[in-house]
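# Breakdown of the fold
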Amino acid sequence: WKPIEVSGLTYGTNGFYLDFADAADLGDDESGNGNDFAENNIAATDQMLDTPTNNFATMNPLDSNSNITLAEGNLKYIATGGWSNLRGSMFVSSGKWYWEMVKTTTTSTYTQIGAATSEPTLTEDYGDAQNGMWIYSAHNGSKVGQGTSPTSYGASYATDDVMGIALDMDNGTITFYKNNASQSQAFSGITGDVAPWISGFNNNNVYNFGQDSSFAGNKTAQGNQDGNDI
């Protein structure tokens, strides 16, 4: 679905046009009629860049098990018990891609972030994450990927740390960041169709694929942009 240009339209007495451009007043009527909508349980940080013509990834609710609840437009991952695993909604096979995660609450240090093909099942966890997965673990900073056992890699990470994942499918590599500090290239030789991946145990995490750099209000948006000024 693609919206049409609204210039030249008339709205009558009761018509309205909401462009959602003002984060502080998302119900503002721009038709000239003043038929404003009252916001209910909507914060300024709920304004998204994601539209039908400018689409961003989210976590995929169709690719989850019973231990997961999603919120905040499928950007908040709530692990409610036991191991839970989930892929993102977009797979890529070329280009350079970046996304971020903040752990907001936890009763367990076990969180793994990274990327995966469609091959891994939702029952796999850190101990056997070797087929089609390239991940970085919170509890000890180790990494595990296809054809390898867990090995020492970077720093551990915890609540409030901003974790970055840079996936370069043109060169087949993945690099992880903790609070903007590179932990060095983690893996090479990555091929196929790959999506964001998270697995964990009893913790909550919020993702930013470019549409909400406040992480649902948990951080102050910084204004950094990609090559397309997003």
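Residues numbered from 1 in each chain as written. Predicted model: local features only at pLDDT ≥ 70, side-chain atom pairs only at ≥ 80, totals over all residues. Heavy atoms only, no water.

## Re the overall build of the protein chain
When its secondary structure is counted, the protein chain shows zero helices and 13 strands. Reading the protein chain from its N end, one meets helices and strands in the order β-β-β-β-β-β-β-β-β-β-β-β-β. Projected onto its principal axes, the C-alpha positions of the protein chain cover 65 × 35 × 30 Å. Looking at the protein chain as a whole, 41% of its 230 residues qualify as buried. A separation threshold of at least 6 residues defines the contact pool for the protein chain, and within that pool the share at least 24 residues apart is 55%. When the accessible area of the protein chain is evaluated, it comes to approximately 11800 Å², of which 47% is carbon and sulfur surface. A gap of 13 Å separates the mean positions of the 8 positive and 26 negative side-chain charges of the protein chain. (Helix = DSSP H or I, 4+ residues; strand = E, 2+ residues; numbered from the N terminus. Buried < 20%, exposed > 50% of the residue type's maximum accessible area, 1.4 Å probe, protein only. Contact = heavy atoms within 4.5 Å. Areas by Shrake-Rupley, 256 points an atom, 1.4 Å probe, with all protein chains shown as cover. Lys, Arg positive; Asp, Glu negative; His and termini not counted. Charge placed at Lys NZ, Arg CZ, Asp CG, Glu CD.)

## Thoughts on the pattern of salt bridges
Oppositely charged side chains can form a pair if their charged atoms are brought close together. Applying the stated criterion to the full structure yields three salt bridges. A salt bridge links aspartate 170 to lysine 96; the shortest N-O distance between them is 3.6 Å. You can see aspartate 170 sitting in the loop between β9 (162-168) and β10 (173-178) and its partner lysine 96 sitting in strand β4 (residues 96-106), a full 74 residues away along the chain. What makes aspartate 170 partly exposed here is its relative accessible area of 49%. On the accessibility criterion, lysine 96 (58% relative accessible area) is exposed. The shortest N-O distance in the salt bridge between lysine 178 and aspartate 161 comes to 4.0 Å. (Salt bridge = Lys/Arg side-chain N within 4 Å of Asp/Glu carboxyl O.)

## Some thoughts on the environment of aspartate 63
Considering the arrangement of structural elements, one finds aspartate 63 in the segment before β1 (68-71). Spatially, the C-alpha atoms of aspartate 63 and arginine 87 are 6.3 Å apart, while their sequence positions differ by 24 residues. A distance of 2.8 Å separates a polar atom in the side chain of aspartate 63 from a polar atom in the side chain of arginine 87. (Polar contact = N/O pair within 3.5 Å; in protein donor to acceptor, adjacent residues only side chain to side chain.)

## With respect to the nonpolar core
Formed by 31 residues in total, the largest nonpolar core has its most connected members in Ile113, Leu167, Ile174, Phe176, Ile190 and Tyr207. Counting only elements with at least two residues in this core, the list comes to β1, β2 (76-79), β4, β5 (111-116), β6 (133-137), β9, β10 and β11 (181-187). (Core = buried A, V, L, I, M, F, W, Y, C linked by side-chain atoms within 4.5 Å.)

## Observations regarding a negative patch on the surface
On the surface, Asp19, Asp22, Glu30, Asp36 and Glu39 cluster together into a negatively charged patch. Relative to the assigned elements, aspartate 19 resides in the segment before β1. Aspartate 19 sits in the partly exposed class, given a relative accessible area of 33%. (Patch = residues over 30% accessible without salt bridge, like charges linked within 9 Å, V, L, I, M, F, W, Y side chains within 5 Å.)

## Concerning the side chain of serine 199
Positionally, serine 199 belongs in strand β12 (residues 195-201). Its relative accessible area of 0% is what places serine 199 among the buried residues. When near neighbours in sequence (up to four residues on either side) are disregarded, serine 199 contacts Tyr77, Trp83, Ser84, Asn85, Tyr110, Thr111 and Gln112.

## Overview of the packing of aromatic side chains
In total, this model carries nine aromatic pairs according to the counting rule given. Aromatic side chains tyrosine 136 and phenylalanine 176 sit 5.2 Å apart centroid to centroid with 50° between the ring planes, which places their arrangement in the tilted category. Taken together, the positions of tyrosine 136 in strand β6 and phenylalanine 176 in strand β10 put the pair 40 residues apart, joining distant regions of the chain. The interplanar angle of 10° and the centroid separation of 5.5 Å between the aromatic rings of tyrosine 207 and phenylalanine 209 together place this pair among those described as stacked. The buried category is assigned to phenylalanine 209, whose relative accessible area is 11%. Through a chain of ring-to-ring contacts, three or more aromatic side chains come together here, namely Tyr136, Tyr153, Tyr157 and Phe176. (Phe/Tyr/Trp six-rings, centres within 6.5 Å; stacked < 30°, edge-to-face > 60°.)

Keep in mind these values describe shape, not function.
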